[in-house]
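# Geometric and topological summary
Okay, here's what each chain looks like letter by letter:
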Amino acid sequence: MIVKDAVCPFCGCLCDDIEVEVEEGRVVAVTNACELGTTKFMGEKRMKNPILRDGDRWKDITYDEAVRYAADVLLEAERPLLYGWSGTHGEAQCVGVHMAELIRGVIDNTSSVCHGPSILAIQEVGHPGCTLGVVKNRADLVIYWGSNPIDAHPRHLSRYTRYAEGFFLENAFRDRKVIVIDVRKTETANIADEFVQIRPGGDYAVLSALRAIVQGKADTIPRTVAGVTREQLVRVANLCMNAKFGAVYFGLGLTMTQGKYKNIRNAIELVSELSRHTKFTISAMRGHYNVYGSNEVNTWMTGYPFGIDFSRGIAFYNPGETTAVDILARKECDAALIVGSDPAAHFPRKCLEHLADIPVVQLDPYPNATTAFCNVQIPVAVTGIDAEGTAYRMDGVPIRTRKVLSTDYLSDEEVLARMYARMQEVLEQ
Ligand code: SF4
């Protein structure tokens, strides 16, 4: 069987032109996806059933036992943490928010350790963004700042920018300029028309210098700014002002380096100033599959995009206080539910030391680094492969993902709904 127009569940590009060949309940071939997406579709070594830690061994348990254990552990906790959510669908995220409210827990998603600062900047100054389709069809200048799509979002260049023909750009490679701004020469920089190498931590200064030039004050900036010559800055500013339509895509190299959300605020303000000369937009290169969706779902349900604390009975949000890393580092939470992420692979050691001391329940199809910290792991259907649902692309477009495999695994949404029902049952007793 061949499934056409499947949606890749790996990165925020959510490529929706994937062809998947399935034979005897297994994916045997994938067409159009990059290597990252193909590996995800072909994924093997899934867990067969839920497991419970029994001393230093694992014991197989049933789904009913696992759901009951998970629900009871979270209900008994005084300050449960519900973390992850970027690797699952909006429908499951929705149950997660209801659950956090029911048990007065904290719900946080992976954006608190990736584009959280970008969201703080957007809350302050707004987001002059657009869809990927608009960039593909109109942009004659694209800037990648602190991001390396060749490694992290491989088809961003071929579907939307460097190699993508657009309605108003018949020969994209010739007519569209690409500028890469980064602290080192990445593979994306090798295929750019202009590479601007910044000294680490110098992004804010370079953004300010570009703003000064765009405002007509080039003579006020020094001969070099964070390792970039004034001549190159003037050239880049002129390329931007002379473009018909420009798009900035920034990655964690801008949002998670010195300056953090101030960098993004400065970048958005540069884009606003450029829009007095021409049309310019800016967007984040969202990494994890449906991380954009986790911000959307949390926002339309609670008013806040991540790090939401229900301990007061209402939604409270204070990044740096109500975010997962801070709560774990302060040894505040006494149980954790992990869905659609692998914090043990990314979190600081101090957080993991606390995770090792508290009951942890994980919903994930595969054993991962967080499995070592779990009391229970419940294998689920792979979101976007054997579970369908809604995911948001990096430009905020919601896409209905397609199921390409039929398996007996429950989806995240189904397991969470069963846990939620069990919690309600206990609370009503
Ligand atoms: Fe999948 Fe991203 Fe590769 Fe597209 S670019 S195929 S969404 S991993």
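With an unreviewed UniProt entry as reference, the protein chain is termed Formylmethanofuran dehydrogenase subunit B, source organism Methanoculleus methanifontis.

### Comments concerning the environment of D108
Considering the arrangement of structural elements, one finds D108 in strand β7 (residues 106-109). Note on D108: relative accessible area 0%, which makes it buried. A C-alpha to C-alpha distance of 38 Å links D108 and V236, two positions 128 residues apart in sequence. Apart from residues lying up to four places away in sequence, D108 is in contact with L82, Y83, G84, W85, F306, G307, T323 and A324. Polar contacts involving the side chain of D108 include one to the main-chain amide nitrogen of G307, which spans 2.9 Å. One polar contact links the side chain of D108 to the main-chain amide nitrogen of A324, over a distance of 2.7 Å.

### Focus: the domain arrangement of the protein chain
Splitting the protein chain by domain gives domain 1 (44-114 + 289-428) and domain 2 (116-284). Centre-to-centre, using C-alpha coordinates, domain 1 lies 34 Å away from domain 2. On the domain 2 side, the residues contacting the 13 residues of domain 1 number 15 residues. On the domain 1 side of the contact with domain 2, C114, M394 and D395 bury the most area, a combined 50% of that side's loss.

### Some remarks on the sheet that holds strand β9 (residues 177-182)
Within the open sheet, the five strands sit side by side as β10-β9-β8-β13-β14. Their pairing is parallel. The open sheet has two free edges, formed respectively by β10 (194-197) and β14 (279-284), since each of these has just one partner strand. Pairs of neighbouring strands in the sheet enclose a mean axial angle of 15 degrees, with direction left out of account. Sheet topology note: the strand β8 (residues 141-145)/strand β13 (residues 245-250) ladder contains five bridges and is parallel. Residue I143 lies in a different strand from β13, and its bridge partner there is V248. In the packing of helix α13 (residues 261-274) onto the sheet, the strands contacted are β13 and β14, and the crossing angle to β14 comes to about 160 degrees.

Conventions used here
Residues numbered from 1 in each chain as written. Predicted model: local features only at pLDDT ≥ 70, side-chain atom pairs only at ≥ 80, totals over all residues. Heavy atoms only, no water. Helix = DSSP H or I, 4+ residues; strand = E, 2+ residues; numbered from the N terminus. Buried < 20%, exposed > 50% of the residue type's maximum accessible area, 1.4 Å probe, protein only. Contact = heavy atoms within 4.5 Å. Polar contact = N/O pair within 3.5 Å; in protein donor to acceptor, adjacent residues only side chain to side chain. Domains from an automatic or database assignment. Buried area = accessible area lost by both parts, 1.4 Å probe. Pairing = 2+ DSSP bridges. Axes fitted to C-alpha atoms, helices over the stretch in contact; angles between N-to-C directions.

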